[in-house]
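# Understanding the architecture of this molecule
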Amino acid sequence: MVDVIKSKANIIVNKINQLSGSSSPDQKKGLLRCVSSYNSILIDVLLATQALQNENPKFAVENANYVGEDADGCENAFSGKSPLTAETKVMRDASAITSAICKLLL
């Protein structure tokens, strides 16, 4: 599931880059926040992967949860008019599932 998050995050970063070219100034500000959020998500994925490889599921759970928080940060940057709402939901769901799976390893 960590690989699913990584794959989805990369797809979303590409979408953000595509949207940036044709967006209003307000939307560009939100998209810039999303770039930061998704860079954090990719770091969280790396850390979760390392935690699992080092048999530290507690740290993997924490990082999986951070993914959901970072995705919410992106969504909230648009004040209810996000072009990434569907993607945010997918990322939150993947985060929750990954966290639940990692909790089973505790």
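Presented here is an overview of the structure given in this document.

### Describing the overall build of the chain
Tallying secondary structure elements over the chain gives 4 helices and 0 strands in all. Starting at the N terminus, the α and β elements of the chain follow one another as α-α-α-α. A globule of 106 residues ought to have a C-alpha radius of gyration of about 13 Å, and the chain, at 14 Å, matches this closely. C-alpha atoms of the chain, sized along the principal axes, occupy 45 × 20 × 15 Å. The buried share of the chain, reckoned over its 106 residues, is 37%. Contacts in the chain between residues far apart in sequence, at least 24 positions, make up 75% of those at least 6 positions apart. Looking at the chain as shown, the accessible area adds up to about 6,100 Å², and 55% of this sits on carbon and sulfur atoms.

### Points about the state of the cysteines
By the definition in use, this model includes 1 disulfide. Sulfur-sulfur distance for the disulfide between C34 and C74 comes to 1.9 Å. Measuring handedness by torsion sign, the sulfur bridge of C34 and C74 sits at about 90 degrees and is right-handed. Taken together, the residues C34 in helix α2 (residues 25-53) and C74 in helix α3 (residues 57-76) connect sequence positions 40 residues apart. We note that C34, like C74, is buried.

### Some words on the packing of α2 against helix α4 (residues 85-104)
Closest axis-to-axis distance for the α2/α4 pair is 13 Å, and the angle between their directions is 15 degrees. Relative to α4, the element α2 is oriented roughly parallel. Viewed along their axes, α2 and α4 form a crossing whose handedness is left-handed. Residues Y38, I41 and L52 of α2 form the contact with α4, whose own contacting residues are E87, T88, M91 and C102. Residues belonging to the contact of α2 with α4 are distributed by class as follows: 5 nonpolar, 1 polar and 1 charged.

Calculation criteria
Residues numbered from 1 in each chain as written. Predicted model: local features only at pLDDT ≥ 70, side-chain atom pairs only at ≥ 80, totals over all residues. Heavy atoms only, no water. Helix = DSSP H or I, 4+ residues; strand = E, 2+ residues; numbered from the N terminus. Rg over C-alpha atoms; globule rule 2.2 N^0.38 Å. Buried < 20%, exposed > 50% of the residue type's maximum accessible area, 1.4 Å probe, protein only. Contact = heavy atoms within 4.5 Å. Areas by Shrake-Rupley, 256 points an atom, 1.4 Å probe, with all protein chains shown as cover. Disulfide = S-S within 2.5 Å. Axes fitted to C-alpha atoms, helices over the stretch in contact; angles between N-to-C directions. Parallel < 35°, antiparallel > 145°, perpendicular 65-115°, else oblique. Left-handed = near helix turned anticlockwise from the far one by under 90°. Nonpolar A, V, L, I, M, F, W, Y, C, P; charged D, E, K, R; others polar.

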